[in-house]
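# Fold and geometry: a report
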Amino acid sequence: MLKYLFVTGTDTAVGKTVVSQALLQHLAALNHSAVGYKPVATGDKLTADGWRNQDALLLQSLSDPIRPYREISPVTLPGDMRGIYNGEPMDFALMSNGLHQLSRQAQTVIIDGHGGWQSILPDYRSYSEWVVHEKLPVVMVIGIQTGCINHAILTAQAIATDGLRLVGWVANRINPGLAHYAEVLEVLRKKIPAPQIGELPYLPRAQQRNLAGYVDLSAVMALKARLTA
Ligand SMILES: Nc1ncnc2c1ncn2[C@@H]1O[C@H](COP(=O)(O)OP(=O)(O)OP(=O)(O)O)[C@@H](O)[C@H]1O
Ligand SMILES: C[C@H](N)[C@H](N)CCCCCC(=O)O
Ligand SMILES: [Mg+2]
């Protein structure tokens, strides 16, 4: 059973949350209960109930079962990121307790990352240190743009160096004007040591409602079944 998937990306704004949405919708289409989790978020909307992060609100709306916001997003940083690198200890136990609590509510937890693999948290630790602590399987989102091959290979190498398993990657066409898109995908298929489990075309916001068909976790589930057999 696929209990957890951590979604990292080649950078911030490459489509981690869009792909997390696709994964949640794909699992829902398989009648598989799945919840989204954003352990670290930047507050980008102040509401009467406090700061909210758009990613976390989206993940909450796509979760089955629906869980309270505080369970979906336990740690919120300042939205403009000013002053976040202040040495304040990050509560990895809180992040982990939240993960384990959600795993009791649904078959799968899709964990939406923050920035890229080596993004630094307020206490100067890498976010990846928590992912390593939880030994999470990783999906990498590659925002297809000039320079992404380097970022993708470096991210895959860092995940391997950290002793974690990259179970798949998703090509996300964030730059519709990239002339050599097909060639970049061909190179990535040769160089990234994990199966491609999805491909998203450039989609205007209005077409980003149901993304289930753009990802396929069957290869990941088959791998998981082999590993736990
Ligand atoms: N395939 C796509 N087609 C069109 N727009 C896209 C696509 N993928 C992502 N976007 C847009 O790019 C922006 C960044 O996407 P998203 O928020 O998923 O990135 P992210 O990696 O989660 O960013 P962050 O690091 O801030 O969490 C969003 O406005 C999203 O709608
Ligand atoms: C606020 C922004 N939109 C993202 N949600 C967070 C980006 C974290 C980047 C951290 C880093 O610079 O490595
Ligand atoms: Mg996001």
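Residues numbered from 1 in each chain as written. Chains lettered and ligands numbered in written order. Predicted model: local features only at pLDDT ≥ 70, side-chain atom pairs only at ≥ 80, totals over all residues. Heavy atoms only, no water.

The next thing to look at is the environment of alanine 158. Along the chain, alanine 158 turns up in helix H6 (residues 148-161). A relative accessible area of 17% means that alanine 158 is categorised as buried. (Helix = DSSP H or I, 4+ residues; strand = E, 2+ residues; numbered from the N terminus. Buried < 20%, exposed > 50% of the residue type's maximum accessible area, 1.4 Å probe, protein only.)

Neighbouring ligand 2 are Thr12, Thr42, Met81, Tyr85, His114, Gly115 and Ser119. Between threonine 42 and ligand 2, the recorded distance is 3.5 Å, taken from a side-chain N or O atom to a nitrogen atom. Relative to its unbound accessible surface of 390 Å², ligand 2 loses 61% to contact with the protein. (Near = heavy atom within 4 Å. Polar contact = N/O pair within 3.5 Å; in protein donor to acceptor, adjacent residues only side chain to side chain. Areas by Shrake-Rupley, 256 points an atom, 1.4 Å probe, with all protein chains shown as cover.)

Where strands meet in a sheet, backbone hydrogen bonds hold them as pairs that are either parallel or antiparallel. The parallel open sheet is built from six strands, whose spatial order is S2-S7-S1-S8-S9-S10. The sheet is open, and its two borders are formed by strand S2 (34-37) and strand S10 (196-200), each paired with just one other strand. In this sheet, neighbouring strand axes are inclined to one another by 20° on average, regardless of whether the strands run parallel or antiparallel. With four bridges connecting them, S2 and strand S7 (residues 108-112) associate as parallel partners. The residue of S7 that forms the bridge with tyrosine 37 is isoleucine 111. (Pairing = 2+ DSSP bridges. Axes fitted to C-alpha atoms, helices over the stretch in contact; angles between N-to-C directions.)

What follows concerns the site of ligand 1. Residues in contact with ligand 1 amount to 18 residues; listed here are only the nearest, Thr12, Lys16, Thr17, Asn172 and Leu203. Between an oxygen atom of ligand 1 and a main-chain N or O atom of valine 18, the distance comes to 3.0 Å. A distance of 2.9 Å is found between a nitrogen atom of ligand 1 and a backbone nitrogen or oxygen belonging to proline 201. Out of a free accessible area of 630 Å², ligand 1 has 77% covered by protein chains. The leading source of residues in the shell around ligand 1 is helix H1 (residues 16-29), at three residues. Counted by class, the shell around ligand 1 contains seven nonpolar, six polar and five charged residues. (Nonpolar A, V, L, I, M, F, W, Y, C, P; charged D, E, K, R; others polar.)

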